[in-house]
Amino acid sequence: MSTNLPEFVPPGTMEVLFSKEQIAERVRALGKEISEEYAGQAIVLIGVLKGAAIFLADLARSIEVDNTFDFVAVSSYGRARVSSGAVKLIKDIDNPIEGKHVILVEDILDTGLTLSYLRGLMLQHKPASLKIATCLDKPERRLVPIEADYVCFKIPNSFVIGYGMDYAERYRGVEDIRIMPENPPGH
Ligand code: IMP
């Protein structure tokens, strides 16, 4: 774990990409879409820690069908996880999902390495169905072919923070989604 933290940039000085109101509106719309598609069924939301925690909390509260949630965590060595392509599970689901309707919930679909790894892993548990919800999608950065079923916003290739998303673990609690003035190394 590196102790050389980059300089703290006050989040209030960063450009807002999506305001908390815009985010809330899109999350509600996604919740409605999911509620309609799964009407009469029960679903399990599986959030990818830590980035998806806030999105999952809001999404779960806008879904009207029977739902439970669980979390997984994958290894992260700063941005090296993306450039090396090595993703490792460090926390598995707590409850079985065999025969259940599952939605994997992620903060950002970027290169696609994390979600394609997790999708493969979850499919081994034989869920009845498996879909993907992501708050943000950066299609330009994709290294492996994978698409999300539910997306709040498609964005170009800039590095963002807030609404659960971090840079060096900071800024997750920022309510809006904001653009880092400079892309971190390797991005
Ligand atoms: P990938 O799709 O495997 O490349 O990785 C997606 C993960 O990379 C996300 O869950 C985030 O944790 C992280 N990530 C990608 N782009 C950004 C960004 O702009 N800000 C913060 N985290 C990001």
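Residues numbered from 1 in each chain as written. Predicted model: local features only at pLDDT ≥ 70, side-chain atom pairs only at ≥ 80, totals over all residues. Heavy atoms only, no water.

Definition in use: UniProt positions are given in the numbering used here, feature names are shortened, and annotations may be inferred rather than shown by experiment.
As annotated in an unreviewed UniProt entry, the protein chain is Hypoxanthine phosphoribosyltransferase from Granulicella mallensis. Comment text from UniProt for the protein chain, heading Sequence similarities (unreviewed entry), reads "Belongs to the purine/pyrimidine phosphoribosyltransferase family." Looking at the Pathway (unreviewed entry) heading of the UniProt record, one finds this comment for the protein chain: "Purine metabolism; IMP biosynthesis via salvage pathway; IMP from hypoxanthine: step 1/1."

**Focus: the nonpolar core**
When a protein is soluble and globular, its nonpolar side chains tend to lie buried together. Keep this limit in mind: Each nonpolar core is a collection of buried residues, namely Ala, Val, Leu, Ile, Met, Phe, Trp, Tyr and Cys, held together in the definition by side-chain atoms within 4.5 Å. Exposure classes here rest on a 1.4 Å probe applied to the protein chains alone. A residue is buried below 20% of its type maximum, exposed above 50%, and partly exposed in between. By definition, any uninterrupted DSSP run of H or I lasting at least four residues is a helix, any uninterrupted run of E lasting at least two residues is a strand, and each is numbered from the N terminus.
Among the nonpolar cores identified, the biggest contains 30 residues, and Phe-55, Leu-59, Ile-103, Leu-136 and Ile-177 are the most heavily contacted of them. Those elements that provide at least two residues to this core are helix H1 (20-37), strand S2 (43-49), helix H2 (53-61), strand S5 (101-109), strand S6 (129-137), strand S7 (150-154) and strand S9 (177-179).

**With respect to the site of the ligand**
Rules: Near residues are defined by distance, with any heavy atom within 4 Å of the molecule or strand qualifying the residue. For this analysis, a polar contact is any N or O atom pair within 3.5 Å, provided that within protein one partner can donate a hydrogen and the other can accept it, and provided that sequence-adjacent residues contribute only side-chain to side-chain pairs. Residue-level accessible areas treat just the shown protein chains as cover; the underlying method is Shrake-Rupley with a 1.4 Å probe. Note on residue categories: nonpolar means Ala, Val, Leu, Ile, Met, Phe, Trp, Tyr, Cys or Pro, charged means Asp, Glu, Lys or Arg, and polar means any other residue, Gly included.
In the region of the ligand, 17 residues are neighbours, and Asp-107, Thr-111, Thr-114, Lys-138 and Val-160 sit closest. In the environment of the ligand, an oxygen atom lies 2.5 Å from a nitrogen or oxygen atom belonging to the side chain of Asp-107. Within the backbone of Gly-112, an N or O atom sits 2.9 Å from an oxygen atom of the ligand. Taken by itself the ligand offers 490 Å² of open surface, and the protein chains cover 95% of this. Looking at the shell around the ligand, the elements that each hand over two or more residues are helix H3 (80-84), S5 and helix H4 (113-123). With 3 residues, the single largest contributor to the shell around the ligand is S5. Its residues placed into classes, the shell around the ligand shows 5 nonpolar, 5 polar and 7 charged.

**So, the sheet that holds S6**
Heads up, the rule is: A strand pair is defined by DSSP finding two or more bridges across the two strands. Here an axis means a line fitted to C-alpha atoms, over the contact stretch when the element is a helix, while the angle between two N-to-C directions is reported on a 0 to 180 degree scale.
Sheet architecture is open: 6 strands sit in the order S4-S3-S2-S5-S6-S7, paired in mixed fashion. Two strands bound the open sheet, and with one partner strand each, they are strand S4 (89-91) and S7. Neighbour-to-neighbour, the strand axes of the sheet open up by a mean angle of 30°, direction not taken into account. Pairing analysis gives 4 bridges linking S6 to S7, with the strands arranged parallel. Looking across to S7, one finds that Ala-133 is bridged to Tyr-150.

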